[in-house]
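This is what each chain is made of:
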Amino acid sequence: MPAQATIMEIALEENRENPGYEWELVRRAQTGDRPAFEEIYRKNVGRVYAVCLRICADGGRAEELTQDVFVLAWQKLPTFRGESAFFSWLHRLAVNVVLMEQRAKKRRAAKEVATDELENLEQSGLAPAPGGRLVLEKAIAQLPPQARTIFVLHDVEGYRHNEIAGMLKLAVGTCKAQLFRARKLLKEVLR
Amino acid sequence: MNCNEIEIRLNDYLDGVLSVDESVEVEKHLESCLSCRGELLRLRNLMAETAALPKELAPKRDLWPQIEGRIASTKQAASYSFFGIRLTRKAVTMAVAAAVMLVAAGIFWKIRQSDQPFWEVGRLAGSPKVGSSRLVDTGKLRVGDWLETDDSSRALISVGSIGHVEVEPGSRVQLVEARLTDHRLALQKGALEAQISAPPRLFFVETPSAVAVDMGCAYRLTVDDFGAGELEVILGWVSLVRNGRPSTSLGVVSQSNHESMVPAGAVCLIRPGVGPGTPFFKEKSLQFQQALQKLDFEKGGAAELQTILAESEASDAFTLWHLLPRVASVERGRLFDRMAELMPPPDGVTREGILQLDAEMLKLWKEDIDLKTDFPFVPQAKTITPERSRL
């Protein structure tokens, strides 16, 4: 799978690779089979955690959110009927969980938690990254929350402006303006 | 338009959401402004780096034990089985409600039918048919409907509010989707010419070999009785993808999805079971085209590559770039060396990296090639007149 693959491609690739096996796991988990669900977790945790971490920019919180996503997935699994690829369904669930948390956080007007995301990214167990990648990850983590969310959803995860605007209940124009802002800030950091 | 305005437009330009006219305006400015070209390059680099970020990150600890503890005390949504179909309790309730509604809705069936999404279609010549009905003047092409033209018929489809498609004689076309975010036709056989003015990835044409994804452009697409065909781009860019959607807005080939980015003035063949071939400028010699075809579809090898390399000019760098991941690894060095002669790689792109198909280097080089290649913008095909587009 190339690094630049979008969610749609991942879903396609997933289906091509072994749709029968994936579906069998899901079907078993739907009937309450926990070992099957654990396998689903192992297979998808990296992707779910990545989107949680990049949007909330807080390693500890991202772990909590990842747990929430999988618990919610377990609860809702019987409602999944295979109309979309399983990963697309799970990914959308993850994005919704993170965005709900962001909204709740905004409502509480809590001060943004000082992040340990940089340390987390450095110790994430990934293969050594080319010099530029970690700098970019750090720069994304330091973006203002809304600009960061929109940048991650659009440029990293491949969602379109109208989809993001719908999820965030924003005008498409606001969405574009925030993406412009995020890219401008990132360009300056990377210059 | 000044540089500040251009800076804002560059984002839309790279995202492919500008109209053709706006894109041309931006490109004119770029031609004469070194500073904005630099800005474009920085933005492209950022987008390339972002696209190369890993999709997976590992949490610092195993989260499963806590998840397992939580789900042990969590009930799954209840579900019921109905002739083997799993339904949730909510779904069962909704199904009962739906059954009641269905009775009432049956009364209004015809009204509902008239509310189905459709595009307008007009007769240009002969007797095109929508389903089994002959099209006299104009009519409606609903989702699922087939439009057929015989040897002397032509028709014009209005693609929502974003453009037009002229369906040529001997064609069979189906309207697959008519949503604001997904305008989709299927071309089973024949030929069509599309002129679209909309953000990219809103208009798709499915064929038995590949999906043509509009990136804001005009093009002609043909498909023969065996599902093979050809795409010729008149204006802008078209992405041809074997399955689904293109990988990024940067025009980078994703091998898993076998994508070809076809610029104005270029042609790309498609074949069932293979997908899109390698795009090339249509003025290339017959020898060049035959060698490329053998390489793409007929297990061609070293001899064909030699012909292509010998006949290549600097403007063919985009063709050669598409070949990098497609040729055998033993041939890649030769290909790199010829490309480097024609269009030297930019800083940060090395021979070793390209031989190993480093995704980031491939992107950088592609961006550099796109910047330096003079892709034609002048439409050479017939233009749809106001009378013909009045649907």
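It should be emphasised that the depicted structure is a prediction, and the values quoted were computed from it without experimental measurement.

## Observations concerning the nonpolar core
Right, so step 1: Membership of the largest hydrophobic core comes to 71 residues, with the highest contact counts inside it found for Phe37 and Leu90 of chain A.
Right, so step 2: Among the elements that line this core, the one with the most residues is helix α3 (residues 34–56) of chain A, at 13 residues.
Right, so step 3: Non-local contacts of Leu90 of chain A, meaning those with residues more than four positions away in its chain, are made with Asn44, Val48, Val69, Phe70 and Ala73 of chain A.
Right, so step 4: The next biggest cluster of nonpolar side chains, apart from the first, holds 68 residues, and it includes Tyr219, Phe281, Trp321 and Leu335 of chain B.

## Observations regarding the packing of helix α8 (residues 145–156) of chain A against helix α9 (residues 161–168) of chain A
For any two helices packed against each other, the geometry comes down to the angle between their axes and how far apart the axes lie.
All names here are of chain A.
Right, so step 1: Packing of α8 against α9 brings their axes to within 10 Å, and their N-to-C directions diverge by 140 degrees. By the angle class used here, α8 and α9 are oblique. Our pair here, α8 against α9, has a crossing hand that is right-handed. Two secondary-structure elements touch here, α8 through Thr149, Ile150, Leu153 and His154 and α9 through His161, Ile164, Met167 and Leu168.
Right, so step 2: Class assignment of the residues belonging to the contact of α8 with α9 gives a composition of five nonpolar, three polar and no charged.

## Section: the pattern of salt bridges
Right, so step 1: What the rule picks out here adds up to 31 salt bridges over all chains.
Right, so step 2: Two residues, Arg172 of chain B and Glu148 of chain B, come together in a salt bridge whose shortest N-O distance is 3.1 Å. With a gap of 24 residues between them, Arg172 of chain B in strand β10 (residues 172–179) and Glu148 of chain B in strand β7 (residues 146–148) connect regions that are remote in the sequence.
Right, so step 3: Linked by salt bridges that have partners in common, Lys184 and Lys187 of chain A together with Glu7, Glu39 and Arg42 of chain B make up one network.

## Notes on the packing of aromatic side chains
Right, so step 1: As enumerated under the stated definition, the model contains 10 aromatic pairs over all chains in all.
Right, so step 2: When the ring of Phe86 of chain A is compared with that of Trp89 of chain A, the centres are 5.6 Å apart and the planes differ by 35 degrees; the resulting orientation is tilted. Here Trp89 of chain A and Phe86 of chain A lie together in helix α5 (residues 86–108), a separation of three residues that amounts to about one turn.
Right, so step 3: Taken together, the ring pairs in this structure connect Phe37, Tyr41, Phe70 and Trp74 of chain A together with Trp64 of chain B into an aromatic cluster.
Right, so step 4: The residue whose ring lies beneath Arg184 of chain B is Phe204 of chain B, and the NZ or CZ to ring-centre distance is 4.2 Å.

## A few points about the pairing of strand β11 (residues 182–196) of chain B
Residue and element names in this part refer to chain B.
Right, so step 1: Burial analysis of β11 places 12 of its 15 residues in the buried class, the great majority of the element.
Right, so step 2: As defined by bridge partners, strand β9 (residues 163–167) adjoins β11 across five bridges and the pair is classed as antiparallel. When the sheet's bridge partners are listed, Val167 is paired in β11 with Leu192.
Right, so step 3: In sequence, β10 turns back onto β11 through a hairpin of two residues.
Right, so step 4: In this sheet, strand β12 (residues 203–206) lies alongside β11 in parallel orientation, the contact comprising four bridges. In the strand pairing of β12, Ala186 is matched with Glu206.
Right, so step 5: As paired strands, β11 and strand β14 (residues 218–223) are joined by six bridges and run antiparallel to one another. Its bridge partner lying in β14, Leu192 is registered against Leu221.

Calculation rules
Residues numbered from 1 in each chain as written. Chains lettered and ligands numbered in written order. Predicted model: local features only at pLDDT ≥ 70, side-chain atom pairs only at ≥ 80, totals over all residues. Heavy atoms only, no water. Core = buried A, V, L, I, M, F, W, Y, C linked by side-chain atoms within 4.5 Å. Buried < 20%, exposed > 50% of the residue type's maximum accessible area, 1.4 Å probe, protein only. Helix = DSSP H or I, 4+ residues; strand = E, 2+ residues; numbered from the N terminus. Contact = heavy atoms within 4.5 Å. Axes fitted to C-alpha atoms, helices over the stretch in contact; angles between N-to-C directions. Parallel < 35°, antiparallel > 145°, perpendicular 65-115°, else oblique. Left-handed = near helix turned anticlockwise from the far one by under 90°. Nonpolar A, V, L, I, M, F, W, Y, C, P; charged D, E, K, R; others polar. Salt bridge = Lys/Arg side-chain N within 4 Å of Asp/Glu carboxyl O. Phe/Tyr/Trp six-rings, centres within 6.5 Å; stacked < 30°, edge-to-face > 60°. Lys NZ or Arg CZ within 6 Å of the ring centre and 35° of its normal. Pairing = 2+ DSSP bridges.

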